[in-house]
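Each chain, written out:
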Amino acid sequence: MGLGLAALIIAPIWELHPGVGSIIEVGWFGGSGTAAGMTPVYNDFGCPEIAALGIASATIGLVYSIVMGIVLINYAVRKGYTKVLKTASSFREIGSSGILRGEAAKPFGRLRFESFAADHLTLQLAVILIAVVLGWLIRNGLGALLPIVNSIPVFPFAMVAGLFIQMIFVWLKIDDLLDKATITRISGTALDYLIISSVATVSLNVVITYFLPLTILIFAAASFSVWVTFWLGPKMYPEDWFECAMGDFGVMCGTVASGLLLTRIVDPENKSVALEVFAYKRPFVLPLVGGLSVSTVMAFRYGPWPVIFVWIGILVLSLVISRACGWFVYSRPKGQTPVLNTTSQ
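None of these values were measured; they are calculated from a predicted model.

## Comments concerning the overall build of the chain
Assigned secondary structure in the chain consists of 13 helices and 0 strands. Listing every helix and strand of the chain by position from the N terminus yields α-α-α-α-α-α-α-α-α-α-α-α-α. The buried share among the 345 residues of the chain stands at 39%. Here the contacts in the chain between residues at least 6 apart in sequence split such that 70% fall between residues at least 24 apart. Carbon and sulfur atoms provide 69% of the accessible area of the chain, an area that totals close to 19400 Å².

## A word on a nonpolar patch on the surface
Side chains of Leu8, Ile9, Ile13, Trp305, Phe309, Ile312, Val316 and Val320 sit close together on the surface and give an oily, nonpolar patch of about 780 Å² of accessible area. Elements with a contribution of two residues or more to the nonpolar patch: helix H1 (2-14) and helix H13 (304-324). It is H13 that provides the largest number of residues to the nonpolar patch, a total of 5 residues. On the basis of relative accessibility, which here comes to 36%, the residue Trp305 falls in the partly exposed class.

## Looking at the nonpolar core
Of all hydrophobic cores here, the largest spans 51 residues; its most connected members are Val20, Trp28, Ile73 and Phe242. In terms of residues, this core owes the most to one element, helix H4 (residues 48-79), which gives 12 residues. One finds Val127, Ala131, Ile165 and Phe169 within the second-largest nonpolar core, a separate group that totals 5 residues.

## Describing the pattern of salt bridges
According to the stated counting rule, one finds 1 salt bridge in the structure shown. With its nearest N and O atoms 3.7 Å apart, the salt bridge here joins Lys83 to Asp240. Of this pair, Lys83 sits in the loop between H4 and helix H5 (120-145) while Asp240 sits in the loop between helix H9 (211-236) and helix H10 (241-253); the two residues are 157 residues apart in sequence, bridging distant segments of the chain.

## Examining H13
When the terminal C-alpha atoms of H13 are compared, their 30 Å separation across 21 residues agrees well with the 30 Å that a helix rising 1.5 Å per residue should span. Three or more residues of H13 are buried, namely Pro304, Val307, Ile308 and Ser322. The buried residues of H13 occupy an angular sector of 100° when the element is viewed end-on, so they sit on one face. With respect to the buried face of H13, the exposed residues turned more than 90 degrees away are Phe309, Leu317, Val320 and Ala324.

## As for the packing of H1 against H9
Across the interface, H1 lies against H9 with an axial gap of 11 Å and an inter-helix angle of 160°. Judged by the inter-axis angle, H1 sits roughly antiparallel to H9. Crossing of H1 over H9 shows right-handed handedness. Facing Gly2, Leu5, Ile10 and Trp14 of H1, the residues of H9 in contact are Leu212, Pro213, Ile216, Leu217 and Ala220. Here the contact of H1 with H9 is composed, by residue class, of 8 nonpolar, 1 polar and no charged.

Conventions adopted
Within any chain, residue numbers begin from 1 and follow the written order of that chain's sequence. It should be noted that, the model being predicted, local features are given only for residues of pLDDT at least 70 and side-chain atom pairs only at 80 or more, the latter also being counted only at that level, while totals for whole chains, interfaces and linings use all residues. The basis for the side-chain values is all heavy atoms of the structure; hydrogens and waters are excluded. We count a stretch as a helix when DSSP gives it H or I for four or more residues in a row; a strand needs E for two or more, and each element gets its number in order from the N terminus. Using a 1.4 Å probe on the protein chains alone, a residue whose accessible area is under 20% of its type maximum counts as buried, one over 50% counts as exposed, and one in between counts as partly exposed. Any two residues having at least one pair of non-hydrogen atoms within 4.5 Å are treated as being in contact. Using a 1.4 Å probe, accessible areas were evaluated by the Shrake-Rupley method; residue-level cover was limited to the displayed protein chains. Surface patches are drawn from residues lacking salt bridges whose relative accessible area is over 30%; two like charges belong together within 9 Å, two nonpolar side chains (Val, Leu, Ile, Met, Phe, Trp, Tyr) within 5 Å. Here, a salt bridge means any side-chain nitrogen of Lys or Arg that lies within 4 Å of a carboxyl oxygen of Asp or Glu. Put simply, buried Ala, Val, Leu, Ile, Met, Phe, Trp, Tyr and Cys residues joined by side-chain atoms within 4.5 Å make one nonpolar core. Here the expected span of a helix is defined as 1.5 Å times the quantity of residues minus one. It is the directions from the helix axis to the C-beta atoms that the arc portrays. Axes here refer to lines fitted to C-alpha atoms; in helices the fit is confined to the stretch in contact. Angles between the N-to-C directions go from 0 to 180 degrees. We call two directions roughly parallel when the angle between them is under 35 degrees, roughly antiparallel when it is over 145, roughly perpendicular when it lies between 65 and 115, and oblique otherwise. Crossing chirality is assigned from the near helix's rotation relative to the far helix, an anticlockwise turn below a right angle marking it left-handed and a clockwise turn marking it right-handed. Each residue is assigned to one class: nonpolar for Ala, Val, Leu, Ile, Met, Phe, Trp, Tyr, Cys and Pro, charged for Asp, Glu, Lys and Arg, and polar for all the others, Gly among them.

Okay, structure coming up:
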């Protein structure tokens, strides 16, 4: 969608590279981390202004995911689409500060070593750094054979390296040495600093100069996100469709944390299948982030239209397979999960 708008409207009028449409997939969908990771790629192609717009779109998407998410939940409650929340007053109370004090405090993680043997944090951080180094080596090794690979950022390869490391730990039966909570805290800290540094270095002059094309892309992405939530949601999820769709909406507009937050808001007591579905989807969704990075590089190398046609083909093939396997339902009998009703009630 973004590449199509850029090729047809934005590039001819504002004389931007058609690859500017990739800020939707990189920033709006990928989030600030992906947008920041793609900055060197945009710079290598001589488009630093697109890098700034990508980070701006990610920041706007993060705010939009929460604000519009709350609006959509209110709307769904009034329409009767929710399973758990039945009235607007049934929203879970969430502290405005986010600070956990006293008995509300939660543990950081579980220590895996005695203090005299090794520091617990050292191993967890070392595993992450090893994954990054291996990802860098894989990228450079493939880049020596296929120079175009050098244009792809390191993080998709680091994700693959991390998967291999985890498989090795499981194979050696020492995976209990890894503490998920601690690794999550480390990655969260790194992401926070990455987001802050990226936003702080955004050129406001670039954002102001290209305010209109940025607005066009953001408006298209925001509208598409809402449409997908209400059109695809009932057709993809046979049970608790809205609760499940809100997780997708948060991820699509912001980050995984946004999707998880909206899921917890719409189902605070975990009475639906939404949280379980959210967790099961992550291994299948994460590779898309790497795919989006590759498609962005392809758009700059070969133009937007080959990339657009490839993704349209993937979309059509996915819909055909989903329909054939019964994963995608166009309508449901009365009494089952409700489909969006556009008529007035």
